[in-house]
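Next come the chains, spelled out residue by residue.
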Amino acid sequence: MCVWPAHHGAPRAVSNEPEPQSVEGSEGSALGVRLCGDVGDRTAAVLASRGFVIAEGSDADVGTGDTADIDCIVVGVDVAEDGDVERRADRPVVLYAPEPTAVDDLSRFSGYARTGDVDALCDQLRWVVARGETQRGTCETREGQDGARTSAARSDARLEALHEGTVSLIGATTPTDLFERTVDIASHLLEFDSCYIAIAEDGVLVKQAGVGDVTEESLPIDYGLVGDSYQTGKTHLVGDTYAHPDAKPARASHRSGIAVPLGDDGVFVVIADEPNAFTVIDRGLAELLVRYTEGTLARIRSAEAIQERRDLIETLHDGTAALAAVTTLEDAAVVAVELAERILSFDTCYVGVREGDVVVPYAVSSGAPPDAARPMKTTQGLVGETIRTGESQLVDRIEESNADPTSDTYRSGISVPLGKEGVFQAVSTEEAAFDANDLELAELLGDHLTGTFSRVRAEADLGQQRRRVAQLHAATVELVSCHDVVDLYERAIETARSVLGFDTAYIFVVENDQFVPVAQAIHEDHDPVGTVSLDHGVASETHRTGRSRLVRDVSTAEGAEPLQTVAGGGISVPLGDDGVFQAVSRDPETFDESDLELAELLASHVTANRERLRAETELRSQRDRLSALFENIPDAAVSYRLVDGDPHVQAVNPAFERVFGFTNEELVGENLDEYVIADDPEQLAEARRMNARLKAGESVRTECQRQTNEGLRTFILQVVPLELGQENVAGFAIYTDITDRQERERELRRQNERLEEFANIISHDLRNPLAVASGYLDLAAETGDPSAFERVETSLDRMDRLVEDLLSLARKGQVVGEPVPLDLATVATQAWGGVRTIDATLERPESLPVEGDESRLVELFENLFRNAIEHAGDSVTVRVEALDDTADEVRGFAVEDDGPGIPPEKRDQVCDPGETTSTEGIGYGLAIVQRIVEAHGWSLSVTEGSEGGARFEVRF
């Protein structure tokens, strides 16, 4: 069984009140259809509206009951599941299911349409009925009946040709192209002499495409059966025009024909020059062809309408770009009306803008009469309703609405709100002149206009606000010149009156738990105010919470206790923690958020300048105290400012001038480090690090050396930046001289060290020889042995030498007299004579010039010579020589012997008090040498001599 494929073209448009179209069956009546199973009531209603007759019956009546009036059966999936349904039915069965796969074998059915696609279902019904008629016509031919023009095989071929031909309709892009393709397909389906398609235009049927004997003239829409087919939506099959009273053929030669309505657009006509040229099969094929043409025409027109709408919206968008340049509401309204006329083709329209409770026309279309628009209250007519509800209105019949038109000739209209700003309206003298598309385009224009209104008003408000802010800024700049708080308050009130337009304003400060007015501007309708309790009205709330308050109407505001008998609105703004600024108006709704914002801006300037004045007063007091302290402090002090990281002097005190030898006038503006820091890389680097710490907000206390008028001295430097913890550029430095104190401390340490040495010597070095002497005296007393007395004498000599050395250390230590020019060669010879040398030999240069203390240098050489004899023996050779002797100066001298020398590991300790490697020595000679060398500012080193002995080098 062949299944006619579902139609996939665009669905035919259905009007809101469809007029049933006759679909004739085999006997010339409408097609009868029985619906079985899950098909749906809506499907039945739509099929009935398309001219099908819905037969009575139940799901069980598929293959039973009276089927005389039924041409086709439609079954849902639930009934189709009965595998025998198509065999029990004696009529064609069409499956109406969501998918072809809903049944196992789709070939069981005569046709298929997808659930919901009623257009495809209608086509399938016509198809299967026409196919059945073809088959019955074939049977009649075989029985020899006259009138059949084709065989069954040819009928099948025509149906296939129709199916293939309708595919080409999809490629049509214009109605004319579609009509020409339809006529071409008809020429392959039907045998005719003439064929055309006529479209209704302005009360006549205008031929758009045709072949054969077709005239160009138009026909009235009520002309003959062609006009009746268009007007009634019924197909006419005319066997003989001469015998039909209403045929009215355009040519006498037109003897038979078919007229099929083409939806609401026109009619499809085929004509033959002989009577009875067309059969019911031809009519069915013609109707199927027209149905496909209708669907394609709807698709083309829908696409054209969509494109036209897109073009219109794009043009409107381009046109609304002109709104971006307008700067007034009037200009915006004029541009909008011009766009509505030019692009939307609204002949009469206007823009009304709300001014209070009245909507005032700002622009009216150019072709409108003078009285086309008038001012209207926001409670009046369609204008008021549109603004109140914020909803657009599409009015088909003005007399049936609450509109209050300016002219009785207006019959329909559009009303679109412009936010709360106003309304856009368009009217027409014809009923239902506007549709949903017109309304949508008007709303689109209204959206652009509303945005423009908002921008223009915002720009105007912003411009006004900017002017007030600029004026306020200029006025508040003058507040900086105020020298006291009283003057500041007076100028602030004058600014509030002259710049902000506050006729009545006060400034209260809190004193003794009361609000005391310190400045006020009073309107002629108001009275000056006096002291107010701290819990009074809005002022109390503002002071307590620290928040501003805008009172639009004092009569309804909570907590408002106006100080004036005539008071409408007010503003209350805190002035820090101890003051309040207030402004009062005579009428309600006078002040808004912008006024409050400006009042807060003024208050912030007043508060900032008041704190500045208070800080300046305190700073002046502090500076006075600091100046007195700075001048009278006993230590050297300097006020500095960091410039490029270096401290530049702002002022120095008298003590600084006395210590460093520079006057205040000499140092002001100069880099302090260049005057007081010695040319030493380490000290300069330390100064840079200290300056970086000062800039970072750190305080510095350190010991340092600075160049003074008495040379390099040691100070405790304490530097304090002006503000701790943040970046600074200025501060104070105080120099406390600790040079003498350090010298006293060093001398005290030396004395303590000597005392410790004396205690060690007394406890150890003197005790040993004393014990030896005591022992030998006891032995001499017992035995009378002379050698015992010799041992006692030796111990006493050792004690005597020890006492002399101790006295030298204790009395002289590192002290030397005033240096004088000397010849060390002579000094060495003198010292050699004071030492028991026995067989020792002294070698010395002829001359060795130096500056020093002669007696201490003699003592130095005596101890070195004695050390050589004690450690190297009686025949030692001692050599004195110059170090690095040049023609100009001597760098030092050396004393060496040819004895065993001093081991390297002992050389660093040999000059310590009490240190000795000899049984004869007492260990203090080299310590005395060390002290004398250091007292002269020289250095002593111990090394190995040229012959392996001990060598002592003294460098100047």
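A quick note: this is a predicted structure, and the numbers were derived from the prediction, not measured.

> I would appreciate a short explanation of the overall build of the protein in the present structure.
Check the secondary structure of the protein and you find 24 helices and 35 strands. Within the protein, the proportion of its 956 residues that are buried is 44%. Sequence-distant contacts, at least 24 apart, represent 56% of the contacts inside the protein between residues at least 6 apart. Surface summary for the protein: the accessible area is close to 47,900 Å², and the carbon and sulfur share equals 48%.

> Explanation requested: the sheet that holds strand E28 (residues 730-737) in the structure shown.
Strand pairing in a sheet relies on backbone hydrogen bonds. The paired strands run either parallel or antiparallel. Reading across the sheet, the five strands line up as E25-E24-E28-E27-E26 and stay open at both edges, with antiparallel pairing between neighbours. Each end of this open sheet is capped by a strand with a single partner; those strands are strand E25 (646-652) and strand E26 (700-708). Neighbour to neighbour, the strand axes of the sheet diverge by 40 degrees on average, direction disregarded. Bridging between strand E24 (residues 636-643) and E25 involves six bridges; their strand directions are antiparallel. Residue pairing for E25: Arg641 is matched across the bridge by His648. Each of E24, E25, E26 and strand E27 (711-721) touches helix H18 (residues 681-695); the most contacted strand, E26, lies at about 135 degrees to it.

> What is the right way to read a negative patch on the surface from this model?
A contiguous patch of negative charge on the surface is contributed by Asp785, Glu790, Glu793, Asp797, Asp800 and Glu804. Within the element layout of this structure, Asp800 appears in helix H21 (residues 786-811). Overall, the relative accessible area of 42% leaves Asp800 in the partly exposed class.

> When you look at the confidence of the model for the protein in this model, what are you seeing that I'm missing?
Chain-level pLDDT for the protein is 83 on average; 87% of the residues reach the 70-or-more range. Confidence scores differ between elements of the protein, with helix H4 (residues 118-142) showing the lowest mean pLDDT of 64 and strand E33 (residues 892-897) the highest of 95. Counting contacts from residues 1-28, a segment whose pLDDT is below 50, to residues more than four positions away or on other chains yields 81 contacts. Within the model, the stretch residues 136-151 combines pLDDT values under 50 with 12 contacts to residues more than four positions away or in other chains.

> Sorry, what's going on with the packing of helix H9 (residues 329-342) against helix H11 (residues 436-479) here?
Each packed pair of helices is defined by two parameters, the angle between the axes and the distance between the axes. At a minimum axis separation of 10 Å, H9 and H11 run at an interaxial angle of 165 degrees. Considered as vectors, H9 and H11 are oriented roughly antiparallel to each other. Relative to H11, the crossing made by H9 is right-handed. Note on element contacts: H11 touches H9 through Leu445, Leu449, Thr452, Phe453, Val456 and Arg457, opposite Leu329, Ala332, Ala333, Ala336, Leu339 and Ala340. When grouped by side-chain class, the residues that make up the contact of H9 with H11 number 10 nonpolar, one polar and one charged.

> It is not clear to me how the pairing of strand E13 (residues 358-364) should be interpreted in this structure. Could you clarify?
Strand residues, when the strand is regular, have side chains that alternate between the two faces of the sheet. Sheet analysis places strand E12 (residues 348-355) next to E13, joined by six bridges and oriented antiparallel. In the sheet register, Arg354 faces E13, and the bridge partner there is Val359. In this antiparallel pair of consecutive strands, E12 and E13, the connection spans two residues, and Gly356 shows a positive phi of 70 degrees. As defined by bridge partners, E13 adjoins strand E14 (residues 376-377) across two bridges and the pair is classed as antiparallel.

> Looking at this model, I keep getting lost on the packing of helix H6 (residues 175-189) against helix H8 (residues 280-320). Mind explaining?
Where H6 contacts H8, the axes come no closer than 10 Å and their chain directions differ by 165 degrees. Judged on the interaxial angle alone, H8 and H6 are roughly antiparallel. Considering only the axes of H6 and H8, their crossing is right-handed. Here Pro175, Leu178, Phe179, Thr182, Ile185, Ala186 and Leu189 of H6 lie close against H8, whose contacting residues are Leu289, Thr293, Thr296, Leu297, Ile300 and Glu304. Class assignment for the residues of the contact of H6 with H8 results in nine nonpolar, three polar and one charged.

> Which parts of the structure should I look at to understand the nonpolar core?
One recurring pattern in soluble globular proteins: nonpolar side chains tend to sit buried together. Formed by 54 residues in total, the largest nonpolar core has its most connected members in Leu47, Val74, Leu121, Leu125, Phe179, Phe268 and Val270. When residues of this core are assigned to their parent elements, the largest contribution, nine residues, is made by H8. Taken domain by domain, the makeup of this core includes at least three residues from each of domain 1 (31-58 + 69-78 + 89-132) and domain 2 (172-307). In this structure, Leu125 is in contact with Val33, Leu47, Phe52, Cys72, Val74 and Val94, ignoring residues within four places of it in sequence.

> What is the right way to look at the environment of Gly873 in this model?
Structurally, Gly873 can be placed in the loop between helix H23 (854-872) and strand E32 (877-883). Residue Gly873 is classed as partly exposed on the basis of its relative accessible area, which comes to 25%. It is 9.8 Å that separates the C-alpha atoms of Gly873 and Pro900, two residues lying 27 residues apart in sequence.

> Mind showing me how you'd approach the pairing of E12 here?
Of all eight residues in E12, six are buried, a share of seventy percent or more. Pairing analysis gives six bridges linking E12 to strand E17 (residues 422-428), with the strands arranged antiparallel. Looking across to E17, one finds that Gly352 is bridged to Val423.

> It is not clear to me how the sheet that holds strand E20 (residues 532-533) should be interpreted in this structure. Could you clarify?
Read from one edge of the open sheet, six strands run E20-E19-E18-E23-E22-E21, paired in antiparallel fashion. Every other strand in the sheet has two partners, leaving E20 and strand E21 (549-551) as the edge strands with one partner each. Direction of pairing for strand E19 (residues 514-521) relative to E20: antiparallel, over a ladder of two bridges. Within E20, the position partnered with Gln514 by the bridge is Ser533. On the sheet, helix H12 (residues 485-498) packs against strand E18 (504-511), E19 and strand E23 (579-584) and is oriented at approximately 55 degrees with respect to E19.

> Explain unusual backbone geometry to me, please; I cannot follow it from the model alone.
Within the chain, Ser345 stands out as a residue other than glycine whose phi angle is a positive 60 degrees. Structurally, the position occupied by Ser345 is in the loop between H9 and E12. Not every positive phi belongs to a glycine, and Glu589 is a case in point at roughly 55 degrees. Structurally, the position occupied by Glu589 is in the loop between E23 and helix H14 (593-632).

> Even after reading the chapter, I still don't get the pattern of salt bridges, so can you show me in this structure?
If charged atoms from side chains of opposite charge come close, those side chains can pair. Counted according to the given criterion, the structure contains 42 salt bridges. Its salt-bridge partner being Arg291, residue Glu294 comes within 2.8 Å of it at the nearest N-O pair. Of this pair, Glu294 and Arg291 both sit in helix H8, separated by three residues, roughly a single helical turn. Side by side, Glu294 and Arg291 carry an identical accessibility label, which is buried.

> Looking at this structure, how should I read the environment of Arg544?
Tracing the chain through its elements places Arg544 in helix H13 (residues 537-545). Its relative accessible area of 59% is what places Arg544 among the exposed residues. Counting along the chain gives 10 residues from Arg544 to Leu534, while the straight-line C-alpha distance between them is 9.3 Å.

> Which parts of the structure should I look at to understand the packing of aromatic side chains?
The description of an aromatic ring pair uses the distance of the two centres, along with the angle that the planes make with each other. The final tally for this structure, using the stated rule, is 18 aromatic pairs. For the pair Phe861 and Phe865, a centre-to-centre distance of 5.8 Å together with 35 degrees between the ring planes defines the contact as tilted. Taken as a pair, Phe861 and Phe865 lie in helix H23 at a separation of four residues, close to a single helical turn. On the numbers, 4.6 Å between centres and 45 degrees between planes, the contact of Trp938 with Phe956 is tilted. Placement of Trp938 in the loop between helix H24 (925-935) and strand E34 (939-944) and of Phe956 in the segment after strand E35 (950-955) is noted, with a sequence separation of 18 residues between them. Classification of Phe956 by relative accessible area gives partly exposed; the value is 36%. Among the aromatic side chains, those forming a connected cluster through ring pairs are Trp832, Phe861, Phe865, Phe893, Trp938 and Phe956. Sitting over the face of the ring of Tyr196, Lys207 holds its NZ or CZ atom 4.8 Å from the ring centroid. Above the plane of the ring of Tyr242 lies Arg255, whose end atom (NZ or CZ) is 3.8 Å from the centre.

> Explanation requested: H9 in the structure shown.
One turn of an α-helix holds 3.6 residues; hence residues three or four places apart share an orientation. Helix length check: H9 (14 residues) gives 20 Å between terminal C-alpha atoms against 20 Å at 1.5 Å per residue, within 8%. Among all positions in H9, only Leu329, Ala332, Ala333, Val335, Ala336, Val337, Leu339 and Ala340 are buried.

Thresholds, definitions, all that
Residues numbered from 1 in each chain as written. Predicted model: local features only at pLDDT ≥ 70, side-chain atom pairs only at ≥ 80, totals over all residues. Heavy atoms only, no water. Helix = DSSP H or I, 4+ residues; strand = E, 2+ residues; numbered from the N terminus. Buried < 20%, exposed > 50% of the residue type's maximum accessible area, 1.4 Å probe, protein only. Contact = heavy atoms within 4.5 Å. Areas by Shrake-Rupley, 256 points an atom, 1.4 Å probe, with all protein chains shown as cover. Pairing = 2+ DSSP bridges. Axes fitted to C-alpha atoms, helices over the stretch in contact; angles between N-to-C directions. Patch = residues over 30% accessible without salt bridge, like charges linked within 9 Å, V, L, I, M, F, W, Y side chains within 5 Å. Salt bridge = Lys/Arg side-chain N within 4 Å of Asp/Glu carboxyl O. Lys, Arg positive; Asp, Glu negative; His and termini not counted. Charge placed at Lys NZ, Arg CZ, Asp CG, Glu CD. pLDDT = per-residue confidence, 0-100. Parallel < 35°, antiparallel > 145°, perpendicular 65-115°, else oblique. Left-handed = near helix turned anticlockwise from the far one by under 90°. Nonpolar A, V, L, I, M, F, W, Y, C, P; charged D, E, K, R; others polar. Core = buried A, V, L, I, M, F, W, Y, C linked by side-chain atoms within 4.5 Å. Domains from an automatic or database assignment. Phe/Tyr/Trp six-rings, centres within 6.5 Å; stacked < 30°, edge-to-face > 60°. Lys NZ or Arg CZ within 6 Å of the ring centre and 35° of its normal. Expected span 1.5 Å × (residues − 1).

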